[in-house]
Amino acid sequence: MPWLHGWSTTRIVTQSRRSDDADTASPLGSTRCDRAMTPASVDIAIIGAGVAGAATAWWLRQMDPSVSVALIERDPQFAQASSQRSASSIRQQFSIPVNVALSQFGLRFLQEAEERLAIDDQGLALGLTLPGYLYLANAAQAPGLAAQNAVQRGLGADIQLLDPSALAARFAWLNTQDLALGSHGEGIEGWFDGPALHMAFVRAARALGVHWIAQAVEGLEFQGNSTQAPRAGAPVHAGHSRIQAVRLSDGSLLRCGQVVNATGAWSRGLAAMAGISLPVHARRRTVFLLSCPTVLPDCPLVIDPSGFWFRPDATHPSGGQRFLLGTTPTIDADDLPLEPQLQEFSDELWAQLAHRVPAFEAVRIERAWAGYYEMNVFDHNALIGPHAQCPNLLSITGFSGHGMQQAAGAGRGLAEWILHGQYRSLDLSPLSPDRILRNEPLLEANVIG
Ligand SMILES: Cc1cc2nc3c(=O)[nH]c(=O)nc-3n(C[C@H](O)[C@H](O)[C@H](O)COP(=O)(O)OP(=O)(O)OC[C@H]3O[C@@H](n4cnc5c(N)ncnc54)[C@H](O)[C@@H]3O)c2cc1C
């Protein structure tokens with residue numbers, strides 16, 4: 001394995017430690033596959049057990065059961081994890097080929113996931129529903145939508161362009177007066193139960209023998225007995241600052257060959273421990289659960305030209321219909337408390353909603369929640385792969401609102417890179433963090449919210 005260069009291949013356990021028992025109260029409390037002794041050294045330490053870290057762990061053990069993997073999570077309740085606060089929708093309407101391809105794989109994976117991730121007789125229901133995304137464009141936006149459609153179709157994504165009369169015929173509840181074009185991916189886009197997928201990856205990874213460590217990583221130890229991270233912006237040279245261990249909140253060290261930063265909205269802080277400036281910022285997004293007395297037949301996930309989105313809530317049907325709704329906040333500072341911002345449902349937004357769907361005049365807010373986008377402010381795309389400044393630190397972060405659907409493909413790719421030193425199925429090199437050092441952003445035009 002190329003990545004083992006510089007790492008002792010001796011996997012002798014020199015000291016043992018019990019995992020924190022906090023997981024007994026966690027959503028994972030029923031899976032007790034890994035409460036035994038945890039090792040003092042592993043081949044791969046994955047920090048953060050959200051969907052990105054858990055998927056990477058699962059793929060690593062799927063591909064090579066001989067590697068030892070630890071999944072380190074500071075909060076087994078996942079109280080703030082984005083993976084438990086996601087709107088969990090999946091689309092192929094991206095502007096960049098690698099994003100289209102990642103979500104195409106994500107869809108294929110979801111179609112098999114209930115079987116692939118099921119453990120023993122525990123059933124798994126992910127509620128995959130595929131009525132499509134419907135991007136709506138006014139006259140100024142229509143040429144861009146059509147150009148992106150050509151890219152998507154060229155990659156095999158069967159996205160239909162609909163003019164206003166076709167839109168009105170297909171969706172009688174939609175006001176098409178001020179629209180010039182829509183693009184609709186029925187059968188290949190929709191939504192699913194993302195929190196359930198997240199939990200399924202965690203459980204399945206643990207069932208495959210991934211070590212579960214319920215602690216926070218509070219520091220990194222570098223080769224040469226240095227606990228000091230390299231200075232930010234220090235010159236990069238080969239072999240510089242390899243991590244040899246992660247320091248856990250109980251003060252112990254876990255030696256490791258490779259370290260994966262899967263800490264989502266907190267990944268900038270983790271990278272800073274290695275002297276790396278990662279442009280990933282925690283940006284709060286509020287999701288509203290609405291009820292509407294009128295049912296909108298065949299309603300897809302709709303993205304309005306003004307920026308808000310809504311979709312039926314497949315998991316909680318009641319009288320009438322329920323919908324999730326989100327929009328881009330006017331104040332978008334870092335690390336704001338995770339309180340839902342009811343004032344974002346302004347009179348202006350309500351008017352825009354009722355303009356687009358007259359039946360929404362009667363919507364009511366049932367509840368709301370907030371979660372962090374792990375926003376890559378450099379170019380709104382995932383950062384996947386090793387860092388030149390610290391070759392055995394790899395990131396899987398910065399998904400900027402599309403990480404739930406991309407986690408399966410991103411985790412598979414990162415596992416391939418770790419095990420083989422190259423991507424074998426889908427080439428994720430366009431998403432390498434190296435593009436930050438080169439100052440070459442890979443701009444995604446379709447970022448929602
Ligand atoms: C409101 C909202 C709507 C969304 N809608 C969609 C959508 O429709 N479709 C889509 O694809 N994506 C969507 N996303 C994005 C998606 O949910 C995220 O991209 C994805 O969940 C990120 O997963 P993650 O594993 O990177 O991060 P997280 O799930 O946040 O996991 C990171 C974990 O790292 C842990 N951690 C942090 N620091 C440390 C440390 N030092 N030591 C140990 N553990 C640590 C945290 O406790 C956390 O559990 C949405 C996100 C939000 C907030």
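Residues numbered from 1 in each chain as written. Predicted model: local features only at pLDDT ≥ 70, side-chain atom pairs only at ≥ 80, totals over all residues. Heavy atoms only, no water.

**A few points about the nonpolar core**
1) Next: If you look at the biggest cluster of nonpolar residues, it comprises 64 residues, and the most contacted ones within it are Ile46, Phe109, Leu117, Leu197, Phe201, Ile384 and Ile396.
2) Next: Listed by contribution, the elements that provide at least two residues to this core are β3 (41–47), α1 (51–63), β4 (69–72), α2 (97–116), α5 (194–207), β20 (390–397) and α8 (403–420).
3) Next: If one sorts the elements of this core by residue count, α2 sits on top with nine residues.
4) Next: Once residues within four sequence positions are removed from consideration, Ile396 is found in contact with Ala52, Thr56, Val260, Asn261, Ala262, Leu383, Ile384, Ala410, Gly411 and Leu414. (Core = buried A, V, L, I, M, F, W, Y, C linked by side-chain atoms within 4.5 Å. Buried < 20%, exposed > 50% of the residue type's maximum accessible area, 1.4 Å probe, protein only. Helix = DSSP H or I, 4+ residues; strand = E, 2+ residues; numbered from the N terminus. Contact = heavy atoms within 4.5 Å.)

**Observations regarding α5**
1) Next: An ideal rise of 1.5 Å per residue puts 20 Å on 14 residues; α5 measures up with 20 Å between its terminal C-alpha atoms.
2) Next: The buried fraction of α5 amounts to 11 of the 14 residues, a majority that puts the element mostly inside the structure.
3) Next: For α5, the set of buried residues is Gly194, Leu197, His198, Met199, Ala200, Phe201, Val202, Arg203, Ala204, Ala205 and Arg206.
4) Next: Taken together, the buried residues of α5 touch α1, α2, β10 (211–213) and α8. (Expected span 1.5 Å × (residues − 1).)

**Here's the deal with the packing of α2 against α8**
1) Next: With their axes 7 Å apart at the nearest point, α2 and α8 run at an angle of 100° to one another. With respect to α8, the element α2 is oriented roughly perpendicular. Judged by residue contacts, Asn99, Leu102, Ser103, Phe105, Gly106 and Phe109 of α2 engage Gln405, Gln406, Ala408, Gly409, Ala410 and Arg412 from α8.
2) Next: In terms of residue class, the contact of α2 with α8 is made up of five nonpolar, six polar and one charged. (Axes fitted to C-alpha atoms, helices over the stretch in contact; angles between N-to-C directions. Parallel < 35°, antiparallel > 145°, perpendicular 65-115°, else oblique. Nonpolar A, V, L, I, M, F, W, Y, C, P; charged D, E, K, R; others polar.)

**Considering the pairing of strand β11 (residues 217–222)**
1) Next: Buried residues dominate β11, accounting for five of its six residues.
2) Next: In the sheet, β11 pairs with strand β12 (residues 243–248) via five bridges, with the strands oriented antiparallel. Paired with Glu221 across the bridge in β12 is Ala245. (Pairing = 2+ DSSP bridges.)

**Here we look at α1**
1) Next: For α1, spanning 13 residues, the distance from its first C-alpha to its last is 18 Å, which sits close to the expected 18 Å at 1.5 Å a residue.
2) Next: For α1, a buried count of 11 out of 13 residues is recorded, marking the element as mostly surrounded by other parts of the structure.
3) Next: Of all the residues in α1, the buried ones are Val51, Ala52, Gly53, Ala54, Ala55, Thr56, Ala57, Trp58, Trp59, Leu60 and Arg61.
4) Next: The inward-facing, buried residues of α1 contact β3, β4, α2, α5, β20 and α8.

**So, the side chain of Arg435**
1) Next: Residue position: Arg435 is located in helix α9 (residues 434–437).
2) Next: Classification of Arg435 by relative accessible area gives buried; the value is 1%.
3) Next: Not counting the four nearest positions on each side in its chain, Arg435 is found in contact with Asn376, Phe378, Asp379, Asn381, Ala382, Leu383, Pro430, Glu440 and Leu442.

**Brief notes about the site of the ligand**
1) Next: Taken together, 35 residues surround the ligand, and among them Glu73, Ser83, Ser89, Glu374 and Gln405 come closest.
2) Next: Between the ligand and the protein, one listed contact pairs an oxygen atom with a backbone N or O atom of His402 at 3.4 Å.
3) Next: Within the complex, the protein chains bury 96% of what would otherwise be the 1,000 Å² of accessible surface of the ligand.
4) Next: Looking at the shell around the ligand, the elements that each hand over two or more residues are α1, β18 (364–376) and α8.
5) Next: Per-element accounting of the shell around the ligand gives the leading share, four residues, to β18. (Near = heavy atom within 4 Å. Polar contact = N/O pair within 3.5 Å; in protein donor to acceptor, adjacent residues only side chain to side chain. Areas by Shrake-Rupley, 256 points an atom, 1.4 Å probe, with all protein chains shown as cover.)

**Some points on the confidence of the model for the chain**
1) Next: Here the chain averages 88 in pLDDT, and 87% of its residues register 70 or above.
2) Next: In this model residues 1–36 is a low-confidence stretch, pLDDT under 50, and it forms 90 contacts with partners more than four residues away in sequence or in other chains.
3) Next: In the model, residues 232–239 has pLDDT below 50 throughout and makes five contacts with residues more than four positions away in sequence or in other chains. (pLDDT = per-residue confidence, 0-100.)

**A closer look at the pairing of strand β14 (residues 280–292)**
1) Next: Counting buried positions along β14 yields 13 of 13 residues, so the element is predominantly enclosed.
2) Next: Judged by which residues are buried, β14 turns out to be covered on both faces: Val280, Ala282, Arg284, Thr286, Phe288, Leu290 and Cys292 on one side and His281, Arg283, Arg285, Val287, Leu289 and Ser291 on the other are all buried.
3) Next: Relative to β18, β14 runs antiparallel, the two sharing 12 bridges. For Ala282, the partnering residue across the bridge sits in β18 and is Glu374.
4) Next: With six bridges connecting them, β14 and strand β17 (residues 321–326) associate as antiparallel partners.

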